[in-house]
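Structural description and commentary
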Amino acid sequence: MSENSGMFERIFLQEAPINHLKVSFAKGRTSQTYLFVGKESCGKFKTALAFAALLQCDNPVYDGKGRPDACGRCDSCKRVAALSHPDVQVIKPDGYDIRISQIRRMQDLAQLKSSYGKWQIFIIDPAEKLNISSANSLLKILEEAPSQTVFILIGKSADSVIPTILSRSELVRFNSPGHESARKAVVEATGLSEEKAALCYSLSEGRFGKSLLIAQTFEGLELSRGMRASHTRYLNCLETYTK
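This write-up is about the structure you can find in this document. (Residues numbered from 1 in each chain as written. Predicted model: local features only at pLDDT ≥ 70, side-chain atom pairs only at ≥ 80, totals over all residues. Heavy atoms only, no water.)

1. Structural notes on the packing of aromatic side chains
Using the criterion set out here, one finds four aromatic pairs in the structure. Consider the rings of Tyr34 and Phe51, whose centres lie 5.4 Å apart with planes at 85°: the pair is edge-to-face. Separated by 17 residues along the polypeptide, Tyr34 in strand β1 (residues 33-37) and Phe51 in helix α2 (residues 44-56) bring together distant segments of the chain. Under the relative-accessibility criterion, Tyr34 is labelled buried at 0%. Phe51 gets classed as buried once you look at its relative accessible area, which sits at 0%. Between the aromatic rings of Phe36 and Phe174, the centroid separation amounts to 5.2 Å while the plane-to-plane angle is 45°, which identifies the pairing as tilted. In this pair, Phe36 sits in strand β1 while Phe174 sits in the loop between β7 (170-173) and α7 (179-190), placing the two residues 138 residues apart along the sequence. When sorted by exposure, Phe36 lands in the same class as Phe174, which is buried. An aromatic cluster is defined as three or more aromatic residues linked by ring pairs; in this entry it consists of Tyr34, Phe36, Phe51 and Phe174. (Phe/Tyr/Trp six-rings, centres within 6.5 Å; stacked < 30°, edge-to-face > 60°. Helix = DSSP H or I, 4+ residues; strand = E, 2+ residues; numbered from the N terminus. Buried < 20%, exposed > 50% of the residue type's maximum accessible area, 1.4 Å probe, protein only.)

Right under this line is the structure:
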């Protein structure tokens, strides 16, 4: 994949949710709050960053069907990808939970005008880590947030958040690709042989995103014949019990 390709183009196996976000942007119907749901390591966080980049992009690109993507080359896109954009904040757990102090800090930032980009964007990952206090504080923020503010919550299911937050969120469901299509995507994304891609996928225990990370350092891995055989058996079991 070219480094100059759009940011959505670098995400595999999630055409439906990505097209949903593209259409929303193209029609000027960006929601204030999104809830991305799907299995672990299926591309939710990467898609959240790509969508944030599109919202902040200086020069969005469009395909032949008029569907937009972040250019991936402007300063805004590069900052989003590097997690250094001042108007794109990622909220992760502080210890076990996402704490109310973190949400209150986010509330203060949400009241400010964007300093560099077009939007104030907050990505909360994972939403399951919101405790009762921080979830209720977040709900208040969602009710009072100014325009040009977008919240993206990332979770495993719609049950990741309390019902009152869910009711205010646009639900975006991510696919759970089959093992064969996931392994083919590893080959396409990395250029590895089918055998090496299958081993990376096996080492990730069937988690696509993690398999891509393993593939980045695959040449440095030394796998014994026994380990290769065990992963082959693991792949065979996946195919047998998930058909």
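What follows continues from the structure just given.
2. Remarks on α2
Between its terminal C-alpha atoms α2 stretches 18 Å, which fits the 18 Å expected from 13 residues at 1.5 Å a residue. By the criterion of burial, α2 is predominantly enclosed, with eleven of the 13 residues buried. (Expected span 1.5 Å × (residues − 1).)

3. What to know about the sheet that holds strand β4 (residues 88-91)
Pairing within the open sheet is parallel, and its five strands lie in the order β4-β5-β6-β1-β7. Looking at which strands have only one partner, the edges of the open sheet turn out to be β4 and β7. Between one strand axis and the next, the sheet turns by 20° as a mean value, whatever way the strands run. In this sheet, β7 lies alongside β1 in parallel orientation, the contact comprising four bridges. Directly across from Leu35, in β7, lies its bridge partner Leu171. Sheet strands in contact with helix α1 (residues 15-26) are β1 and β7, and its direction is about 145° off that of β7. Sitting on the sheet, helix α4 (residues 100-110) is in contact with β4, β5 (120-124) and β6 (149-155), with an inclination near 165° to β5. (Pairing = 2+ DSSP bridges. Axes fitted to C-alpha atoms, helices over the stretch in contact; angles between N-to-C directions. Contact = heavy atoms within 4.5 Å.)

4. Notes on the pairing of β1
Extensive coverage of β1 is indicated by the burial of five of its five residues. Every second residue of β1 is oriented toward a common face, with Thr33, Leu35 and Val37 on one face and Tyr34 and Phe36 on the other, all of them buried.

5. Section: the layout of surface pockets
The computed volume of the largest pocket comes to approximately 980 Å³. Along the wall of the largest pocket there are 33 residues; nearest its centre are Gly43, Phe45, Lys46, Gly209 and Leu212. Put simply, the parts of the chain that give the lining of the largest pocket at least two residues each are α2, β6, α7 and α9 (208-216). Taken as a whole, the second largest pocket spans an internal volume of roughly 350 Å³. What lines the second largest pocket is a set of 18 residues, and nearest its centre among them are Phe8, Glu9, Ile11, Glu15 and Lys22. (1 Å grid on protein atoms, 1.4 Å probe; cavity = no way out; pocket = protein on both sides within 12 Å on 5 of 7 lines; lining within 4 Å. Points joined across faces, edges and corners; volume = space filled by probe spheres on them.)

6. Structural notes on the nonpolar core
Soluble globular proteins: nonpolar side chains tend toward being buried together. Membership of the largest hydrophobic core comes to 32 residues, with the highest contact counts inside it found for Phe36, Ile121 and Ile152. Looking at this core, the elements with two or more residues in it are α1, β1, α2, α3 (75-81), β5 and β6. The greatest single-element share of this core, amounting to eight residues, is contributed by α2. Excluding anything up to four places from it in sequence, Phe36 contacts Leu21, Lys44, Thr47, Ala48, Ile152, Leu153, Ile154, Gly155, Val172 and Phe174. Grouped together as the second largest cluster of nonpolar side chains are 22 residues, Leu35, Leu130, Leu138 and Leu142 included. (Core = buried A, V, L, I, M, F, W, Y, C linked by side-chain atoms within 4.5 Å.)

7. Quick notes on the pattern of salt bridges
Pairing of side chains with opposite charge becomes possible as their charged atoms draw close. The final tally for this structure, using the stated rule, is three salt bridges. As a salt-bridge pair, Arg67 and Asp63 come within 2.9 Å of each other at their nearest N and O atoms. Given the relative accessible area of 31%, Asp63 is considered partly exposed. (Salt bridge = Lys/Arg side-chain N within 4 Å of Asp/Glu carboxyl O.)

8. Quick notes on the environment of Leu130
Relative to the assigned elements, Leu130 resides in the loop between β5 and α5 (132-144). You can call Leu130 buried: its relative accessible area is 13%. Along the backbone, Leu130 and Arg99 are 31 residues apart, and their C-alpha atoms lie at a distance of 7.0 Å. If we skip the residues at most four places from it in the chain, Leu130 touches Ile98, Ile103, Ile124, Ala135, Leu138 and Leu153.

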